Amino acid sequence: MSRKSFRQAINEALRQEMRRDPRVILMGEDVAGGRGGTSGVKDAWGGVLGVTKGLLTEFGEDRVLDTPITEASYIGAAAGAAATGLRPVAELMFVDFVGCCLDQIMNQAAKFRYMFGGKARTPLVIRAMYGAGFNAAAQHSQALYPLFTHIPGLKVVVPSSPYEAKGLLIEAIRDDDPVIFLENKVMYDDEEDVPDEPYTIPFGEANLTREGDDVTIVAFGRMVNLANQAADRLEKDGISCTVIDPRTTSPLDTGTILDCVADTGRLVIVDESSPRCNLATDVAALVAEEAFDALKAPIRRVVPPHTPVPFATVLENLYMPSVEKIEAAVRSVAAYRVKEEA
Amino acid sequence: MSGTITPITMPKFGLAMTEGKLASWSLPVGKEVKAGDEIADIETSKITNGYESPAAGILRRQVAPEGEMLPVGALIGVLADADVSDAEIDAFIQDFNDNFSSGETEDKNSDTTARRIVDVGDLKISVQESGNRETGSSVLLIHGFGGDVSNWMLTQSALASSHHVIAFDLPGHGESTKQVGDGTPYGFAKTVEELARALDLSEAHVVGHSLGGAIALELAKSAPNLVKSLTLIAPAGLGQDINMNFINGFIDADRRKTLEPVLQYLVHDKSLISRQMVEGIIRYKRLDGVVSGLKTIASANFPDGKQAISLRSVLETFDKPVQILWGEQDEILSTKDADGLPATIAVTRFPETGHMPQLEQAAAVNTKISQFIE
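Since we're looking at a predicted model, the values are computed, not measured.

Looking now at the environment of Asn-135 of chain A. Residues and elements named next belong to chain A. Considering the arrangement of structural elements, one finds Asn-135 in the loop between strand E5 (125–130) and helix H6 (145–149). Taking the number of C-beta atoms within 10 Å as the measure of exposure, Asn-135 has 14 and is therefore partly exposed. Residues Asn-135 and Asp-259 lie 124 residues apart in sequence; the distance between their C-alpha atoms is 38 Å.

Right, dumping it as structure tokens:
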């Protein structure tokens, strides 16, 4: 056990699975890093944020493939390689680039098992970074996990910490279905204790980072951390929260969410993706439909406005869900009382 | 200058503890205490434990309110004689807090505990060593099924003040290699023998808990020269009955909801099983190879829901001191397994205690062990 960053945890998961299984390969833009420059140094930087550093050196060019900037071709190639026996981990760099290769993901990889009568397997992982807060502007800041969650046949992972990232990525690589693994780009330097050995965290099992009596908070990816901070503050004022990290948006652990809402009767959902048809609306619909009688207050969503992510730092900060916004939402549902009928 | 003032500070239970919560005071201000009286319950991320007064005196102040989280070494209360004035106590608190910075105390008192990986044949064994051979004779702590060095968190540091204490993770457990071999106590005892050789340990007082007790018995049989004395805490290997709901539940449960009730079999005071303890075991069980290793151990030791390996005969012939410590409310193994043994073996049964007396009756167990190995 040692302290590792989110970046190191992901690197270690890739490295350990590549050592364990020769069918695991990496491909993507800059995953080898530093090739094509004039320095002559291979693997100088290991991807745009250094996540794959050192893998080319250990596993060679046959297993760590730098690709041209043509997402449709290499995501398609990765889907084909998965269907024919390899276990590729393809990196899309920024998830915003999915527009260039959506057919390969949505109509091909996601459909193989179904279209071939359950006889085809597609053990493909697509890694990509997502999220605002990095001052990377509207085309490099989106949180597109709802887009993938919408497509049957894909599994979608949004890890909330280094420990979670390593176990969920190893699970993703060993899974026989296409998995979209989304890394919040603001979290790469977050650190915590992560076991040195390989381990897996099952999909579709939410994690309760804390348990309380008053309000349930469901948060995704980096928002789990903000929700925990808000819950710490609220605890001092006697408002105790359950914080649910669903880990995967597809499959979604609806049972845990409903159980917790049954206990607290109050629900706040924190989702940094665009507010229409996002995970917050999905979870709100689930609870309204399945746990209506348990609710003691309206469901509140802490989500950004329906606009592109602003580039200006001040506006970007204003756009994002924050600890303060979560705290205010929790206070409002905690204070809510049903009006007596006259 | 009048009577003495004794600071009561946040204790350090185990290696990993950096802060603790004052869960509750066991005494009101003004109450007189003896050294060893329980004065507060301290809650760490792993366990809640009674904290015993380091000295005699009157509890004059509860500096830390209940529920307060404080770093190790921080002032939580003040003991003093009746003739010490309130002003003197105020000045003492002021002075203590002015000079206290968290972390510093830890460095000053830093015990010599070190964690390292030792190569034992093909295995990597995680070893936690406290004190050294100059400190005193060596004590070897062997945990049980599904356990790890943290089972000794209230034992190791207490014994280390006067002994050289070695705890380690068995194969398949904690941070050691997850290959368990045939999973028998005999197989594990062979690994322990090799570990002792690797550590250059020629003899040690051996303390074994549960399955670790059976391993200690095998060790006494196969390497009697290594074993200076045996302390068996709720040991396996002396009877047939075993709570298979615990064994199978521990292997199968992979969520907090299902694992927590299983872990509660371990203790009489169910509140001791903290969220963090459950989470720690879930994390351990997620590691590659752990569940299959536990299954191997369970089927080697408890086929058909009974303990298959009896080591009672070892106690007929082993000619060095043996004591047995057991909780009367043990829900995993039965304390009646300690009946009918040779009369030279001292058996202590703790009331209102479950399968883990070293956690539930830490102070009493530590005293029993240190008196026994003097």
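As a further point, take the packing of helix H9 (residues 254–264) of chain A against helix H10 (residues 279–290) of chain A. All names here are of chain A. The N-to-C vectors of H9 and H10 enclose an angle of 60°; their axes lie 10 Å apart at closest approach. Our classification of the angle between H9 and H10 gives oblique. Helix-helix and strand crossings are classified by hand; for H9 and H10 the assignment is right-handed. Contact residues: Thr-254, Ile-257, Leu-258 and Val-261 in H9; Val-283, Leu-286, Val-287 and Glu-290 in H10.

Residue and element names in this part refer to chain A. Taken domain by domain, chain A holds domain 1 (2–194) and domain 2 (207–335). The gap between the C-alpha centroids of domain 1 and domain 2 is 27 Å. Taken together, the 24 residues of domain 1 in the interface contact 23 residues of domain 2. Elements supplying a minimum of two residues to the side of domain 1 that touches domain 2: H6, strand E6 (155–157) and helix H7 (162–174). Classifying every residue of the side of domain 1 that touches domain 2 gives 14 nonpolar, 8 polar and 2 charged.

Facing the 9 residues of chain A at the interface are 5 residues of chain B. Residues that form the side of chain A that touches chain B fall into these classes: 5 nonpolar, 2 polar and 2 charged.

Glancing now at the sheet that holds strand E6 (residues 57–62) of chain B. All names here are of chain B. Ordered by their spatial adjacency, 4 strands build an open sheet running E1-E8-E6-E3, and the pairing between neighbours is antiparallel. Whereas interior strands pair on both sides, the edge strands pair on one side only; in this sheet they are strand E1 (5–9) and strand E3 (32–33). Taken together, the 4 bridges between E6 and strand E8 (residues 75–80) define a ladder with antiparallel strand orientation. Residue pairing in the sheet places Arg-61 in a bridge with Val-78 of E8. Strands in contact with helix H1 (residues 86–99) are E1, E6 and E8; relative to E8, the strand with the most contacts, it is inclined by about 145°.

Take the environment of Ala-128 of chain A next. All names here are of chain A. Its place among the elements puts Ala-128 in strand E5. Accessibility expressed as a C-beta count within 10 Å gives 22 for Ala-128, which makes it buried. Between the alpha carbons of Ala-128 and Phe-94 there is a distance of 5.5 Å; along the sequence they are 34 residues apart.

Let us look at the domain arrangement of chain B. Here chain B is described as being made up of domain 1 (5–106) and domain 2 (114–373). Its residues placed into classes, the side of domain 1 of chain B that touches domain 2 of chain B shows 2 nonpolar, 4 polar and 2 charged.

In this section: helix H8 (residues 275–286) of chain B. End to end, H8 of chain B covers 17 Å across 12 residues, agreeing with the expected 16 Å (1.5 Å per residue, within 8%). Here the buried face of H8 of chain B lies against H7 of chain A together with helix H7 (256–263) and helix H9 (290–301) of chain B.

This paragraph deals with the packing of helix H1 (residues 6–20) of chain A against H7 of chain A. All names here are of chain A. Two elements in contact, H1 and H7, have axes separated by 8 Å at closest approach and are oriented at 25°. Taken together, the axes of H1 and H7 are roughly parallel relative to one another. Regarding H1 and H7, the two cross each other, and that crossing is right-handed. Residue-level contacts link Phe-6, Ala-9, Ile-10, Glu-12, Ala-13 and Glu-17 of H1 to Pro-162, Ala-165, Lys-166, Leu-169, Ile-170 and Ile-173 of H7. For the contact of H1 with H7, the per-class residue count stands at 9 nonpolar, no polar and 3 charged.

Rules of the game
Residues numbered from 1 in each chain as written. Chains lettered and ligands numbered in written order. Predicted model: local features only at pLDDT ≥ 70, side-chain atom pairs only at ≥ 80, totals over all residues. Helix = DSSP H or I, 4+ residues; strand = E, 2+ residues; numbered from the N terminus. Buried ≥ 20, exposed ≤ 12 C-beta atoms within 10 Å, placed from the backbone. Axes fitted to C-alpha atoms, helices over the stretch in contact; angles between N-to-C directions. Parallel < 35°, antiparallel > 145°, perpendicular 65-115°, else oblique. Left-handed = near helix turned anticlockwise from the far one by under 90°. Contact = placed C-beta atoms within 7 Å. Domains from an automatic or database assignment. Nonpolar A, V, L, I, M, F, W, Y, C, P; charged D, E, K, R; others polar. Pairing = 2+ DSSP bridges. Expected span 1.5 Å × (residues − 1).

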